Amino acid sequence: MKYYSTNHHAPAASLEEAVVKGLASDRGLFMPEHIDRLPDEFFENIDKFTFQEIACRVAEAFFGEDIPKEDIDRIVCDTLAFDCPVVEVEPSIYSLELFHGPTLAFKDVGARFMARLLQYFIKRQNDGKEVNVLVATSGDTGSAVANGFLGVEGIHVYVLYPKGKVSPIQECQFTTLGKNITAIEVDGVFDDCQSLVKSAFMDAELCDHIKLTSANSINVARFLPQAFYYFNAYARMKEKGLADQLVISVPSGNFGNITAGLFAHRMGLPIKRFIAANNANDIFYNYLMTGVYSPKPSRQTIANAMDVGDPSNFARILDLYGCDHGRITSLISGATYTDEQIAETMKECHDTTGYTLDPHGACGYRALKEGLRPGETGVFLETAHPAKFKDTVEPIIGAEVTIPDRLAAFMKGEKQSVPMTTEFADFKSFLMTR
Ligand SMILES: *Cc1c(COP(=O)(O)O)cnc(C)c1O
């Protein structure tokens, strides 16, 4: 399968090029040249398949032209070493829990898949050179990528993060790992980390010396596998006899997660409609209302993984529907919530149902509470475990949030990091000696 750029000024790329490059040379996002409908028979029987079986079928549809079936199936099964269950919160409202992976957030799925796909390509190239993944993080991306690549042979990951600007819970998830993961503590802000990474990719001498790649969230290998759990959610709801008028509500920031759901829909998954639930960053919501897309600087909220003022994957949504505002609004509606509304929702849900939402999932849940029509059943994506945001969640709900064992285990590990200035020359000489 070839991948074209949403900007249409770059040549089509192979899967391998799209994965290694991440972004097209015209700065557009890669899109698969065709998205095939899966056969009716698959959807009729989907409730009889396990999550892994479903994911293998979906992955074969995307990657089957480029990778032998048994290799895809192995990558999928290795990726999905944890479940993404659907849990009832109250009648008609279900939570698709995406926090059962190593770093307790949905980004684990894409990061683990990308690590294994990259390893597959490295082995096939067979030039024996290690690949170095550089990732700048303000918190959550670094942990998902580091843990996704942990112990994957042939790949070394450098996580650059701003000193003193990530929470202790986040920091321990990428500084205590060791093995093929190196944490670099930059004496600056997130933008400094990002500009060190960008400068590294543009430095010819460095790129000659070591193989560099990125693992950002717009990479097709991180983005496409997120479709797996939409199919699984449908299957599990069909098992319950509740899949006829299914509405999926997705807490959205950079819009990668919901776009994967839209790909699933294009492949024939019978979802009635989608809701994009935003925090105060209401750019997509305003686009739905007015047809005009006007990016703004991001605003800080308590659902901070969704603080995005110019969502990258908007370009993919436009491309998928031929820039037709009418087609987009007939399938997707929007919602936007202030921090006060998010907090109120978390408290109310906890008090009335006993279910603890994280601030991101709370947006998805509230959008269903307000937007579900008679006869519809809603599933919202619970994108992270509330314990990841313990300091925010506990005072709001007035109760303690238990930290799952695998998160507690990170917190017991010993922090190891390499101190770094914001000067590119320092970062470069560090990488040159590796
Ligand atoms: C990244 C993230 C989001 C936003 O997902 P997008 O794919 O960027 O829309 C939502 N919730 C959590 C917890 C996240 O980490």
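Here we summarise the structure given alongside this text.

Each helix and strand counted, the chain has 20 helices and 13 strands in total. Compactness check: the chain gives a C-alpha radius of gyration of 21 Å against a globular reference of 22 Å for 434 residues, within 12% of the reference. A principal-axis box enclosing the C-alpha atoms of the chain has dimensions of 65 × 50 × 40 Å. A total of 434 residues make up the chain; the buried ones form 58% of that total.

Turning to the pairing of strand β4 (residues 93–97), a few remarks are in order. Counted residue by residue, β4 has 5 buried out of 5 residues, so it is predominantly covered. Both faces of β4 are covered, namely the face carrying I93, S95 and E97 and the face carrying Y94 and L96. In the sheet, strand β3 (residues 86–90) pairs with β4 via 4 bridges, with the strands oriented antiparallel. Considered in β4, the bridge of V86 is made with L96. Hairpin connection between β3 and β4: a loop of 2 residues separates the two successive antiparallel strands, and S92 in this loop has a positive phi of roughly 75°. Note: β4 against strand β12 (residues 377–382), 5 bridges, orientation parallel.

Take the sheet that holds strand β8 (residues 211–214) next. Two modes of strand pairing occur in sheets, parallel and antiparallel, and in both the strands are linked by backbone hydrogen bonds. Read across the sheet, 5 strands follow the order β8-β5-β6-β7-β13 without closing on themselves; strand pairing throughout is parallel. Of all the strands in the sheet, just β8 and β13 (418–420) have a single pairing partner and so form its edges. Across the sheet, the mean angle from the axis of one strand to that of its neighbour is 30°, orientation sign disregarded. Pairing of strand β6 (residues 155–162) with strand β7 (residues 181–186) involves 6 bridges; the strand directions are parallel. Following the sheet pairing, P162 is matched in β7 by V186. Against the sheet, helix α6 (residues 140–149) makes contact with β5 (131–136), β6 and β7, and its axis sits at roughly 165° relative to β6, the strand it touches most.

Here we come to the sheet that holds strand β11 (residues 332–336). Spatially, the 6 strands line up as an open sheet ordered β3-β4-β12-β9-β10-β11, and their pairing is mixed. The sheet is open, and its two borders are formed by β3 and β11, each paired with just one other strand. Between one strand and the next, the sheet's axes are offset by a mean angle of 25°, whatever the strand orientation. Sitting on the sheet, helix α17 (residues 359–371) is in contact with β3, β4, β9 (246–251), β10 (273–278), β11 and β12, with an inclination near 170° to β12.

Cut-offs and rules
Residues numbered from 1 in each chain as written. Predicted model: local features only at pLDDT ≥ 70, side-chain atom pairs only at ≥ 80, totals over all residues. Heavy atoms only, no water. Helix = DSSP H or I, 4+ residues; strand = E, 2+ residues; numbered from the N terminus. Rg over C-alpha atoms; globule rule 2.2 N^0.38 Å. Buried < 20%, exposed > 50% of the residue type's maximum accessible area, 1.4 Å probe, protein only. Pairing = 2+ DSSP bridges. Axes fitted to C-alpha atoms, helices over the stretch in contact; angles between N-to-C directions. Contact = heavy atoms within 4.5 Å.

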